[in-house]
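Descriptive structure summary
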Amino acid sequence: MSELTEEQTKPAELAGLLKNAQEMLNEEKWTRAALSNYSTTQFKELDVLLKEAWDNKVYDELKNLCDEHLVHTKNSIIALYLSGMIALSRQLIDDAVLVNLVTILVDNHKWGVVRYLCERILDNGESKFALRTLAECYKNENEEDAVYGIWERLVKADYEEADIAKSLAEHYEKLGNTEAAVDYYKKALHRYINKQLFTNIREIWAKIIEYCPEEIDFFFHVEKRIAKNISGEKAVLLLEDLYGSCKKRNEIDTAIVILKTILQYDERDSLARREITECFRLKYRDHSQLEEYIRISNLTQNWRNVRDAIADFEKHIAFDKGNFVFHRSWGVGRIASMRGDEIVIDFAKKRSHPMSLKMAVNALQTLSKNHIWVLKATQKKEKLHDRIKTEYAWALKTVIKSFGNYCDIKHIKAELVPSVLSPGEWTGWSVKAREILKSDPTFGVSPDNIDLFTVRDRPISIEEKLYNEFKAQKNFFDRIAIVRAYESQKDTELDSEYFTEMFEYFSAYLRSYSQVNEQIIASFLLIKELALKYPRLGQDLALDFAEIFTHIEDVPLLFNNLKDAKLREEFLLQIKMYVKDWPDIYLRLFPHALFPSIINSLEKEGHDDKIVALIRSCFENYRDAREASVWFYKNGKSQWFDKAGISQEKRIITLIYILDLSYRDIDLHRETTENRKVNKQVYVLLFKDGILETCIKNADHDTLLRIYTLIEDVKNLDPSDKLWLRSLIQERDPEFKFSGAAEKRTSRGLMVTSSMYEEKQKQLAHIQDVEVPANSKEIEFALSLGDLRENAEYKAAKEKQEILNSSVARLKGEIERAQIFDPATVNTERVSFGTRVVLRNESDGREEEYTILGPWESDPEHRIISYLSPFGSAMLTKKAGERFDFIFDLSKKDEKMSYTIIKISELDTGGRSSGDPRFS
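In this report, we go over the structure that sits alongside the text. Just so you know, these numbers come straight off a predicted model, no measurement behind them. (Residues numbered from 1 in each chain as written. Predicted model: local features only at pLDDT ≥ 70, side-chain atom pairs only at ≥ 80, totals over all residues. Heavy atoms only, no water.)

**Details of the pairing of strand β3 (residues 342-347)**
Quick reminder of the rule: Each pair of strands is called paired provided DSSP finds at least two bridges between the two strands. Runs of H or I in DSSP of at least four residues are treated as helices and runs of E of at least two as strands, each being numbered from the N terminus.
Sheet topology places strand β2 (residues 331-339) next to β3; six bridges connect them, and they run antiparallel. Opposite arginine 334, over in β3, you have aspartate 346 as the bridge partner. The turn linking β2 back onto β3 is made up of two residues, and glycine 340 within it adopts a positive phi angle of 65°. Bridging between β3 and strand β4 (residues 353-356) involves four bridges; their strand directions are antiparallel. Across the sheet, residue isoleucine 345 finds its bridge partner in β4, namely histidine 353. Between β3 and β4, which pair antiparallel and follow one another directly, the connecting turn spans five residues, one of which, serine 352, has a positive phi of 50°.

Right, dumping it as structure tokens:
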């Protein structure tokens, strides 16, 4: 008897493995094995069975066997373990089976087995239930150090766990590890805020003030969360505690900011009003007018609105001897003296100018001594230029702080160019400046506008910087990029309050929805992406792509709205993995999303017939599938086109149609960006990659005629390209007739000779490359002279700029309309562009000779006239022997002249009349 092959023995082995599992389940049921019989040894034997099932690829069969057994025997230890571990290895969210098993063992105090099971569960990723249970095991075994280690993992896995975070903080506090203690106190604080437990919050708030009172940004961030989640009154209580700490440390500026925030919550808070008055007295104790300004502003009078009083006081207190001010007409000045209600100011062009205090407060803007305007007015330009050009961070801080500590790049440029830096210097300087604004921890962004930069008194961590950018960013997909940047940072904590809040922003989209849009899909895909690295993320969310997909109304529209390439690729992968009719969905998607992976997947799975149908559909409906048609032309396989019945000629003709359509839509401003893109692709294929040339060299007469006619009708195609095509056709077929080409072309554009076309291009290039840059320098120089109202140089330069711009626009328009004359197309049967005409003047019998060219070549003195001129138009298309009348305006009296065409001949020397002085 011959031996069985490996393929023949394998089914028998699998059947034996499942039979063995069934016998184990039956034995457990029949013998009613007591829990006392189970030890870690039995579970290790079950792990061996699991490994064999994995190796032999019968996981699903084994799980089904166990699930069927649990229907009748719900507390089967073996079935619960095997089914639960298989589900866990598949990353299924529902862990109820293992929870049930562990709970049974805990209730029976089988701590050794419980510990083993929890460790096995954690081998597959963090589990809040397993960590809590394992911590209980260590407690029962008096392994205190191990408990704290598990607690640390639990705090990272469970974003809601606050009490354990607080216990860890207290533990590290006792050990003298202040940094770790503060870190866990902060985690506990944010989690208690979510639970709205104010007593716990205030207790931890006091601890953080004790250990790191300088972290003002952190305290204000928490204050805002308290006001939002609990109440403004509770936020004020915490701010009062913080204020007391600042005042003890004599941090008056910070104390004032805190008191202002308190008064925003309750402007009638009399204690805060008294305290801020005292703080102002401490801050400005050396000011000569301090008490007078307190009196004038009614800061101490409760009847006046406290915010108005503070604003009034701060406006007045900025006026003191030696301080700088700005007037919109006189520029920067310095307060020379103050006598009672009168201020004397030294402006650059108006020295010792007196003003009343009231007028000064209304008419002047106070400036700090480090304000950029003050520096530009008081320092030598060369010195300031050199410092700004080399000290990027100092320059950025100076400009930003000069304007309320919020400034965007556009404003920074306006302050530095051209008064300090030239436009050329700005280009390189701004690149470095942007890098510093992004990486330097002393710079941040406005919480309301990510384009506005701010300077921080204290450096912040990169995590907090990214979090602040996340809050300021309004674009959904830019927020995704920030989360990725945060996650990619080394040593970032994904259980921090910053990441928790960012993660919650996306997970909130998945908690409730009726219709699925791009934000919901993007949130799902992002969380899946993060969960692959950190399995604990998203454990509480039902992440079922197939179910979510059923709620999408327009798949192509949603796909186009996914403004992230990585998410698009993942979306396609999820469709293939979880949606049954994925090939049909791919076909619908491709014209809207030219992802090679779509075609590669269809081909790999044997769906060539669907690809052929898609190609046929794209080329038949090329108007709506332009980009897809071009993509297939470049990347499609020849056998696909053969099966679709699309010849090479038809493909090229389709490209010409697309070229013409895209030109037309660009003129009509329809989807200009997309049409410019496809237009460029088609132009390169036809004229640069040699497709037309190859086609022409191998074409028959009918094909030549079709190609030529279609190309001639592409209105905006460069005339030189049309000329190239005609010469190529003539080379291929010398007998080819370009019938009526010249007459047709004169009606559509501006006919020109090739030499004049080149001349006009040179004129345009000279203006753009030489005269315009020279004029820009003239304007820059004129601006540096100051006062534009009486600046003759500036006015002259601007007038010249208008003339140059007008010339550029005119030349561009003419060049775009121009169609280069091809001497090979001259038809001497009729008067047309490029012909020399002999006329007989019937009134006196004299013969006159004229050359018919265009307006660019027109020179009436030498009898070269434009075909667009009245006289040229009158004789155009006339044959030899024909007579025509023309009316001239002579001495304000109309006179009709009669002419007869005597002779029509072709011009010599490429369209130039022989003997003409212009062409000699």
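Here the narrative resumes.
**Side note on helix α13 (residues 232-248)**
Rules: Take the number of residues in a helix, subtract one, and multiply by 1.5 Å to get its expected span. Note on contacts: a residue pair is in contact if any heavy atoms of the two residues lie within 4.5 Å.
A rise of 1.5 Å per residue sets the reference length of α13, with its 17 residues, at 24 Å; its end C-alpha atoms lie 25 Å apart and thus fit the reference within 8%. Elements that come into contact with the buried residues of α13 comprise α11 (198-211), α12 (216-229), α14 (252-265) and α15 (270-283). Positive backbone phi, approximately 65°, marks asparagine 250, located one or two places after α13.

**What to know about the nonpolar core**
The following threshold applies: Here, nonpolar core refers to any group of buried Ala, Val, Leu, Ile, Met, Phe, Trp, Tyr and Cys residues whose side-chain atoms link them within 4.5 Å. To sort residues, take the accessible area from a 1.4 Å probe on protein chains only and compare it with the maximum for the residue type: under 20% means buried, over 50% means exposed, and anything in between is partly exposed.
Formed by 117 residues in total, the largest nonpolar core has its most connected members in Phe43, Leu62, Tyr81, Leu101, Leu117, Phe313 and Phe319. Counting residues in hydrophobic clusters, the runner-up holds 64 residues, among them Phe499, Phe549, Leu572 and Cys618.

**Let's talk about the sheet that holds strand β1 (residues 324-327)**
Strand pairing in a sheet is mediated by backbone hydrogen bonds. Such pairs are either parallel or antiparallel. We apply this condition: Structural elements are reduced to axes, namely lines fitted to C-alpha atoms, with helices fitted over the stretch in contact, and the angle between N-to-C directions of any two is expressed from 0 to 180 degrees.
The five strands are arranged β4-β3-β2-β1-β5 in an open sheet whose pairing can be described as antiparallel. Two strands lie at the open edges of the sheet, namely β4 and β5 (365-367), each paired on one side alone. Direction aside, the axes of adjacent strands within the sheet are offset by 40° on average.

**Considerations on the packing of aromatic side chains**
Going by this rule: Pairing of aromatic side chains here covers Phe, Tyr and the six-membered ring of Trp, requires ring centres within 6.5 Å, and sorts the geometry by plane angle: under 30 degrees stacked, over 60 edge-to-face, intermediate tilted. Charge-over-ring contacts are defined here by two conditions on Lys NZ or Arg CZ: a distance within 6 Å of the ring centre and an angle within 35 degrees of the ring normal.
What the rule picks out here adds up to 47 aromatic pairs. On the numbers, 5.3 Å between centres and 65° between planes, the contact of tryptophan 54 with tyrosine 59 is edge-to-face. Overall, the relative accessible area of 52% leaves tryptophan 54 in the exposed class. Accessibility expressed as a relative area gives 10% for tyrosine 59, which makes it buried. Geometrically, the ring pair formed by phenylalanine 524 and phenylalanine 545 is tilted, given 5.7 Å between the ring centres and 45° between the ring planes. With phenylalanine 524 in helix α27 (residues 518-533) and phenylalanine 545 in helix α28 (residues 545-549), the pair connects residues that are 21 residues apart, well separated along the chain. Owing to a relative accessible area of 0%, phenylalanine 524 belongs among the buried residues under this scheme. Among the residues examined, phenylalanine 545 registers a relative accessible area of 2% and is labelled buried. The structure contains a cluster of three or more aromatic residues connected by ring pairs, namely Phe470, Phe476, Phe477, Tyr505, Phe506 and Tyr509. Sitting over the ring of tyrosine 184, lysine 187 keeps its end group 5.6 Å from the ring centre.

**Side note on the environment of aspartate 859**
Within the secondary structure, aspartate 859 is located in the loop between β11 (847-853) and β12 (864-866). Among the residues examined, aspartate 859 registers a relative accessible area of 16% and is labelled buried. Each C-alpha atom, one on aspartate 859 and one on alanine 797, is 33 Å from the other, the two residues being 62 residues apart in sequence.

**As for the pairing of β11**
Taking burial as the measure, the seven residues of β11 include five buried ones, the bulk of the element. Bridge count for strand β10 (residues 835-841) against β11 is six bridges, and the pairing is antiparallel. Note on β11: the bridge partner recorded for leucine 839 is glutamate 848. Counting the residues between successive antiparallel strands, the hairpin from β10 to β11 contains five residues, one of them, glycine 845, with a positive phi of roughly 80°. Pairing of β11 with β12 involves three bridges; the strand directions are parallel. Across the sheet, threonine 851 pairs through a bridge with isoleucine 864, a residue of β12.

**Comments concerning a negative patch on the surface**
Rules: Each patch is assembled from residues with relative accessible area greater than 30% and no salt bridge, linking like charges that lie within 9 Å and nonpolar side chains (Val, Leu, Ile, Met, Phe, Trp, Tyr) that lie within 5 Å. Values of accessible area rely on a 1.4 Å probe in the Shrake-Rupley scheme; residue burial ignores everything except the protein chains shown. In what follows, salt bridge is the name for a side-chain nitrogen of Lys or Arg lying within 4 Å of a carboxyl oxygen of Asp or Glu. Charge assignment: positive for Lys and Arg, negative for Asp and Glu; neither His nor the chain ends contribute. Charge positions come from single atoms, namely NZ of Lys, CZ of Arg, CG of Asp or CD of Glu.
A cluster of acidic residues, Glu233, Asp266, Glu267 and Asp308, forms a negative patch on the protein surface. Of note, aspartate 308 is situated in helix α17 (residues 306-317). In this structure aspartate 308 comes out as partly exposed when scored by relative accessible area, which is 43%.

**Section: the pattern of salt bridges**
Under the counting rule described, the total for this entry stands at 50 salt bridges. When the shortest N-O distance is used, the salt bridge between arginine 249 and glutamate 251 registers 3.0 Å. Linked through salt bridges whose partners overlap, the residues forming this network are Arg115, Glu119, Glu141 and Glu143.

**Considering the environment of proline 423**
Note on placement: proline 423 falls in helix α23 (residues 423-439). The spacing of proline 423 and serine 337 is 86 residues in sequence and 40 Å in space, taken between C-alpha atoms. In this view, proline 423 contacts Val417 and Glu780; residues no more than four positions away in its chain are not counted.

**Details of the packing of helix α30 (residues 565-578) against helix α31 (residues 582-589)**
Selection rule: Note on angle classes: values under 35 degrees are labelled roughly parallel, values over 145 roughly antiparallel, values of 65 to 115 roughly perpendicular, and the remainder oblique. Residue classes follow a fixed rule: Ala, Val, Leu, Ile, Met, Phe, Trp, Tyr, Cys and Pro count as nonpolar, while Asp, Glu, Lys and Arg count as charged, and any other residue, Gly among them, counts as polar.
Relative orientation of the contacting elements α30 and α31 amounts to 150°, with a least axis distance of 8 Å. Looking at the two axes, α30 sits roughly antiparallel to α31. Of α31, the residues touching α30 (which contributes Leu572, Leu573, Ile575 and Lys576) are Trp582, Ile585, Tyr586 and Leu589. Among the residues making up the contact of α30 with α31, the classes are represented as seven nonpolar, no polar and one charged.

**A look at unusual backbone geometry**
Along the chain, valine 417 connects to proline 418 via a cis peptide bond; the corresponding omega equals 0°. Looking at the secondary structure, you find proline 418 in the loop between α22 (409-416) and α23. Within the chain, asparagine 250 stands out as a residue other than glycine whose phi angle is a positive 65°. A relative accessible area of 54% places asparagine 250 in the exposed class. You will see that glutamate 671, though not glycine, has its phi angle at about 40°, which is positive. Inspection of the secondary structure puts glutamate 671 in the loop between α36 (648-667) and α37 (672-688).

**Describing a nonpolar patch on the surface**
Together, Leu573, Met577 and Tyr578 make up an exposed nonpolar region whose accessible area comes to about 300 Å². In this fold, tyrosine 578 is placed in helix α30. Classification of tyrosine 578 by relative accessible area gives partly exposed; the value is 42%.

**Observations regarding the packing of helix α2 (residues 40-55) against helix α6 (residues 111-122)**
Axis separation between α2 and α6 bottoms out at 9 Å; the angle between their running directions is 30°. What the angle tells us is that α2 and α6 run roughly parallel. Across the interface between the two elements, Thr40, Phe43, Lys44 and Asp47 from α2 touch Gly112, Val113, Tyr116, Leu117 and Arg120 from α6. In terms of residue class, the contact of α2 with α6 is built from four nonpolar, two polar and three charged.

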